[in-house]
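Below, each chain spelled out in residue letters.
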Amino acid sequence: MFAGLCHTAAMQTTANERSTVIPQMVAALWKATLISGLLSVALGVAALVWPGKTLLVTAIIFGAYLLVSGIAQVAFAFALHVSAGSRVLMFISGAASIVLAFLAFRHFGEGYAILLLAIWIGVGFIFRGVATTGTAIGDPELPGRGWNIFFGIVTLLAGIVMLASPILS
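To keep things clear, this report deals only with the structure shown in the data block. (Residues numbered from 1 in each chain as written. Predicted model: local features only at pLDDT ≥ 70, side-chain atom pairs only at ≥ 80, totals over all residues. Heavy atoms only, no water.)

## Details of the side chain of S93
Then, in step 1: With respect to the helices and strands, S93 occurs in helix α4 (residues 84–107).
Then, in step 2: The class of S93 is buried, set by a relative accessible area of 0%.
Then, in step 3: Engagement of the side chain of S93 in a polar contact is seen with the backbone nitrogen of R128, the distance being 3.4 Å.
Then, in step 4: Dropping the residues within four chain positions of it, S93 is found in contact with Q73, G124, F127 and R128. (Helix = DSSP H or I, 4+ residues; strand = E, 2+ residues; numbered from the N terminus. Buried < 20%, exposed > 50% of the residue type's maximum accessible area, 1.4 Å probe, protein only. Polar contact = N/O pair within 3.5 Å; in protein donor to acceptor, adjacent residues only side chain to side chain. Contact = heavy atoms within 4.5 Å.)

## Comments concerning the nonpolar core
Then, in step 1: In terms of nonpolar packing, the biggest core is built from 14 residues, with F62, L66, I121 and F125 touching the most fellow members.
Then, in step 2: Apart from the residues within four sequence positions on either side, F125 is in contact with F62, Y65, T155, L156, A158, G159 and M162.
Then, in step 3: Among the nonpolar cores identified, the runner-up in size contains seven residues, and A32, A77, L80 and M90 belong to it. (Core = buried A, V, L, I, M, F, W, Y, C linked by side-chain atoms within 4.5 Å.)

## Quick word on the environment of M162
Then, in step 1: Assignment of secondary structure puts M162 in helix α6 (residues 145–164).
Then, in step 2: Taking C-alpha positions, M162 is 9.6 Å from I126, a pair spaced 36 residues apart along the chain.

## Concerning the environment of L89
Then, in step 1: Considering the arrangement of structural elements, one finds L89 in helix α4.
Then, in step 2: It is 8.3 Å that separates the C-alpha atoms of L89 and A77, two residues lying twelve residues apart in sequence.
Then, in step 3: Setting aside residues up to four positions removed in sequence, L89 forms contacts with F127, V130 and A131.

## Observations regarding the side chain of Q73
Then, in step 1: Residue placement: Q73 occurs in helix α3 (residues 54–79).
Then, in step 2: On the basis of relative accessibility, which here comes to 10%, the residue Q73 falls in the buried class.
Then, in step 3: Polar side-chain contacts of Q73 include one of 3.4 Å to the side chain of R128.
Then, in step 4: With residues up to four places along the chain from it excluded, the contact list for Q73 reads M90, S93, G94, R128 and T132.

Structure representation (structure tokens):
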């Protein structure tokens, strides 16, 4: 129902209104991508600096990363003008990220939960990688299209690595 309302509202906007909404959404997308990247770097630094405390720190930072990026993806699934398939993948990826964030916050520090979390993160990365790449390939007017394709492929590969070796990754 919400998607139908958003679609109806989008249909009623004029070309002038769309020309102001799209740059605002691109700015929001850029900010969400920047926050996501900074959280990823913080996670990598924490894993290198505190190897003994990595599980706890990783779960907390991954939880924050997944929550922020999941909320952004769910919002963009309803807001961006992309194909229906891309919207569905983006929504599933965002919803999976939000669920994983709650798992990370609820079970951090527990051994079996970390293994399950690594598997879920791998699956989430695969969905996110496919959604990002598919959206970028399907929308030739998307700003930063080449970078989105590149990062979508990198995210997909990261998910495959995590599923192939969840303990080591």
